[in-house]
Amino acid sequence: MRETVAIFDFGSQYAQLIARRVRELGVYCEIVPHDSTKEELSSLNPAAIIFSGGPSSVLDADHPDLNPAILALGVPVLGICYGMQLIALLDGGTVEKGTRGEYGPAEIETSGEDPLFHGLPARLHVWMSHGDRVTVVPDGFQALACSADGTIAAMRNAARAVYGVQFHPEVVHTPEGSKLISNFLYLIARCRGGWTMGTFIEESVAAIRKKVGSDRVVCALSGGVDSAVVAALLNRAIGSQMKAYFVDNGLLRAGEVEEIVDIFEREYPLDLTVIDARERFLTALKGVTDPEDKRKCIGESFIDAFRDATSHMENALFLAQGTLYPDVIESRSARGGPSVTIKSHHNVGGLPENLGFTLLEPLRELFKDEVRRLGKELGLPEKLLHRQPFPGPGLAVRIIGEVTDEALSVLRQADTIVQQEMYRYENYRDIWQSFAVLLPVKTVGVMGDERTYANVVALRVVSSQDGMTADWVKLPYDVLARVSSRIINEVRGVNRVVYDISSKPPGTIEWE
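Residues numbered from 1 in each chain as written. Predicted model: local features only at pLDDT ≥ 70, side-chain atom pairs only at ≥ 80, totals over all residues. Heavy atoms only, no water.

A. A look at the overall build of the protein. The secondary structure content of the protein amounts to 14 helices and 18 strands. For a compact globule of 512 residues, the expected C-alpha radius of gyration is about 24 Å, and the protein comes in at 25 Å, within 12% of that figure. In terms of its C-alpha atoms, the protein occupies a principal-axis envelope of roughly 75 × 65 × 40 Å. Sorting the 512 residues of the protein into buried and exposed places 58% on the buried side. In the protein, once contacts between residues fewer than 6 apart in sequence are set aside, the share between residues at least 24 apart is 75%. By element, 49% of the accessible surface of the protein is carried by carbon and sulfur atoms, the whole surface being about 21,500 Å². (Helix = DSSP H or I, 4+ residues; strand = E, 2+ residues; numbered from the N terminus. Rg over C-alpha atoms; globule rule 2.2 N^0.38 Å. Buried < 20%, exposed > 50% of the residue type's maximum accessible area, 1.4 Å probe, protein only. Contact = heavy atoms within 4.5 Å. Areas by Shrake-Rupley, 256 points an atom, 1.4 Å probe, with all protein chains shown as cover.)

As structure tokens, then:
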């Protein structure tokens, strides 16, 4: 059985970062609902358990709770922030509202020797984000570290291998955080490790073959990294049982269809058919302005296009798509956790109930950086693996308001300029996404001594590791000036360019 760490989701935005850190350290993990029972955990047979932080207070009557039997399983446990407070509360310790919160960088001092802090300095720089605090540790526990004001920053029950830390070791603002998590996994939980993309391929190929049997799979190839890796993985697992379809939905960037066809006919040959569904999508989007409605409309149109294209295929029972962990997380709570829906991705919450296919989503538990590593293992070309992410709904979610032929033309031209100029930028590989957004406003301008009343284009350029959080890129002024000048001078109908300087959170990367 595969060695697995179970991460209990208490609604923290950082729960997925915990998962990334654990996997980066070579141990497979899965995020599970906070109220999972020990019977539900039996299929995972976890080698260790980690409790995430969360936005709630353990002192609230309706706080996300935990089945106490989980703490009695005899499995090593690490509680982070809210997770530590919940352990203390359930085991008879005392948790109190702080007189003030502790947010941001802090310094803690460890006391004594413990495997959790092995190889780490006695004074640690950490990242705090909490209001409540543990004031009295439960019987059998001892405090391992304190912050400057005396707040208990870490505790343990050595006999039961149950630990808690008040800070967040999973974020980059805790410089030694990965080392601490590694200590928990390897020195305390005695994990074997060894989980790699190579092992993921072996497991996935076996799982796909078992699930599909002798039936056929329709693969939704968007041209992005995610769906391309799915296609390559399926190609290795079931070969000719897969048929790839690329849907030209009329919402793509300039030259997108030609580029994708060239890659998958010459560089990485697949059984590929292009579906011309431009009219279908634009008709369905007519008059639609609400972002959620757009995404659901596009999801339904994709399925209709696939149904029509595959109606002649025998035993085409499965639809494969490149759904990733961030898609699932933002579309609904991660595996039932208390996190809220951010937006319905067209390939998750946007799909109709009467799908007509069984979904096959072999990348559903992976992050983007893991997918790129997987694609490299599968032999996909570098230029494809390092393309910037492009949303499944395409330019439709970059046009704020109704999607029309005119709006698509303006945005497509502006976006082409953005792609060209950003590709010339010396730090292009450090950028997660760069694109243009067409805003639903017009402004007064002057061009050639004449008054204009034209569109506004927003420029969005962000850096990120996995798409879960992002920051705007501080582009040099000359780059911004060149992009702005070209768009205004070359795209008819635009007289103003603005730069989006918001991070995620509170914004999202895409505007819709």
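B. Here's a closer look at the environment of Glu107. With respect to the secondary-structure elements, Glu107 resides in strand E5 (residues 94–110). Beyond its immediate stretch of four places on either side in the chain, Glu107 contacts Arg123, Leu124, His125, Cys146, Ser147 and Ala148. A polar contact of 3.1 Å, which involves the side chain of Glu107, links it to the side chain of Arg123. (Polar contact = N/O pair within 3.5 Å; in protein donor to acceptor, adjacent residues only side chain to side chain.)

C. Inspection of the packing of helix H5 (residues 197–212) against helix H11 (residues 368–377) at higher detail. The interhelical angle for the contact between H5 and H11, taken along N-to-C directions, is 75°, at an axis separation of 9 Å. In this view, H5 runs roughly perpendicular relative to H11, as classed from their interaxial angle. Packed against H5, whose contacting residues are Met197, Gly198, Phe200 and Ile201, the element H11 presents Glu370, Arg373, Leu374 and Glu377 at the interface. Considered class by class, the residues forming the contact of H5 with H11 number four nonpolar, one polar and three charged. (Axes fitted to C-alpha atoms, helices over the stretch in contact; angles between N-to-C directions. Parallel < 35°, antiparallel > 145°, perpendicular 65-115°, else oblique. Nonpolar A, V, L, I, M, F, W, Y, C, P; charged D, E, K, R; others polar.)

D. Focus on the packing of aromatic side chains. Counting across every chain of the model gives ten aromatic pairs. Their ring planes at 80° and their centres at 6.1 Å tell us that Trp472 and Tyr499 sit as a pair that is edge-to-face. One end of the pair, Trp472, is in strand E17 (residues 471–472); the other, Tyr499, is in strand E18 (residues 494–499), and 27 residues separate them in sequence. Members of the aromatic cluster, each reached through a chain of ring pairs, are Phe8, Phe10, Phe51 and Tyr82. (Phe/Tyr/Trp six-rings, centres within 6.5 Å; stacked < 30°, edge-to-face > 60°.)

E. Focus on the pairing of strand E2 (residues 28–33). Counting buried positions along E2 gives five out of six residues, so the element sits mostly inside the fold. Direction of pairing for strand E1 (residues 4–9) relative to E2: parallel, over a ladder of six bridges. Its bridge partner lying in E2, Val5 is registered against Cys29. Once you follow E1 into helix H1 (residues 15–24) and on to E2, the crossover reads as right-handed. (Pairing = 2+ DSSP bridges. Right-handed = clockwise from strand over helix to strand, strands pointing away.)

F. The arrangement of the environment of Pro64 in detail. By the secondary structure assignment, Pro64 is in the loop between strand E3 (48–51) and strand E4 (77–80). Separated by 293 residues in the primary sequence, Pro64 and Phe357 have C-alpha atoms spaced 35 Å apart.

G. Representation of the nonpolar core. The biggest cluster of nonpolar side chains holds 96 residues, and the ones touching the most others in it are Leu234, Phe264, Phe306, Leu363 and Ile487. With ten residues, the single largest contributor to this core is helix H6 (residues 225–238). Setting aside its immediate chain neighbours within four residues, Phe306 contacts Val218, Ala220, Tyr245, Val247, Ile275, Leu319 and Phe357. With 38 residues, the next largest nonpolar core counts Ile7, Ala106, Leu120 and Cys191 among its residues. (Core = buried A, V, L, I, M, F, W, Y, C linked by side-chain atoms within 4.5 Å.)

H. Layout of the state of the cysteines. Applying the stated rule across the entire model yields zero disulfides. Residue Cys29 stays outside any disulfide, its sulfur separated by 10 Å from that of Cys191, the closest cysteine. Assessed through its relative accessible area of 0%, Cys29 is described here as buried. Among the cysteines around Cys81, which has no disulfide bond, Cys146 carries the closest sulfur, lying 16 Å off. (Disulfide = S-S within 2.5 Å.)

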